[in-house]
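Remarks on the overall topology
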Amino acid sequence: MGVRPPQQDDDEPDAIEFGIAALDARLSEAGVAFPADKDSIVAALGDRKIPYNATGNKVTVAEAIDRSGKEYFETEQELLNALHPVFEEMRESASSSVLMQLRALVPF
């Protein structure tokens with residue numbers, strides 16, 4: 001997923017990546033080879049955290065995989081499909097919190 005940030009400078013990115021889009025980019029950078037288990041994926045990505053919403057809340061890859069209930073993935077697409085509901089659930093629960101609703105009201 002991606003959301004356009006407010007337009008300020010030309011040096012800023014065109015979109016903020018979060019969830020599966022952010023994970024996919026990091027998998028490509030790390031060169032993870034599939035089939036892969038949780039430990040090899042976490043080892044390749046290190047302790048990087050993946051943003052799961054546009055406000056910058058993050059989760060480690062290890063925690064996201066734990067929440068998926070799977071330990072082994074034949075393909076990158078299988079990993080992304082398993083983690084998609086995890087990111088969606090986290091994004092929805094974060095956006096429904098009182099703090100996040102208050103943050104949405106602030107214009108900056």
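Above: the structure in question.
In what follows, the accompanying structure is described. (Residues numbered from 1 in each chain as written. Predicted model: local features only at pLDDT ≥ 70, side-chain atom pairs only at ≥ 80, totals over all residues. Heavy atoms only, no water.)

As a further point, take the packing of helix 1 (residues 20-30) against helix 2 (residues 38-45). Helix packing for two helices is described by the angle between their axes and how far apart those axes are. Closest axis-to-axis distance for the helix 1/helix 2 pair is 9 Å, and the angle between their directions is 80°. Viewed along their axes, helix 1 and helix 2 adopt a mutual orientation that is roughly perpendicular. Here Leu 23, Arg 26, Leu 27 and Ala 30 of helix 1 come into contact with helix 2, specifically with Ile 41, Ala 44 and Leu 45. Partitioning the contact of helix 1 with helix 2 into residue classes produces six nonpolar, no polar and one charged. (Axes fitted to C-alpha atoms, helices over the stretch in contact; angles between N-to-C directions. Helix = DSSP H or I, 4+ residues; strand = E, 2+ residues; numbered from the N terminus. Parallel < 35°, antiparallel > 145°, perpendicular 65-115°, else oblique. Contact = heavy atoms within 4.5 Å. Nonpolar A, V, L, I, M, F, W, Y, C, P; charged D, E, K, R; others polar.)

Running from amino to carboxyl end, helix 2 crosses helix 3 (residues 61-68) at an angle of 160°, the nearest separation of the two axes being 9 Å. Taken together, the axis directions place helix 2 and helix 3 in an arrangement best described as roughly antiparallel. Helix 3 is crossed by helix 2, and the crossing has right-handed handedness. Taking contact as the criterion, the partners of Lys 38, Ile 41, Val 42 and Leu 45 in helix 2 are, on helix 3, Val 61, Ala 62, Ile 65 and Asp 66. Classifying every residue of the contact of helix 2 with helix 3 by side-chain character gives six nonpolar, no polar and two charged. (Left-handed = near helix turned anticlockwise from the far one by under 90°.)

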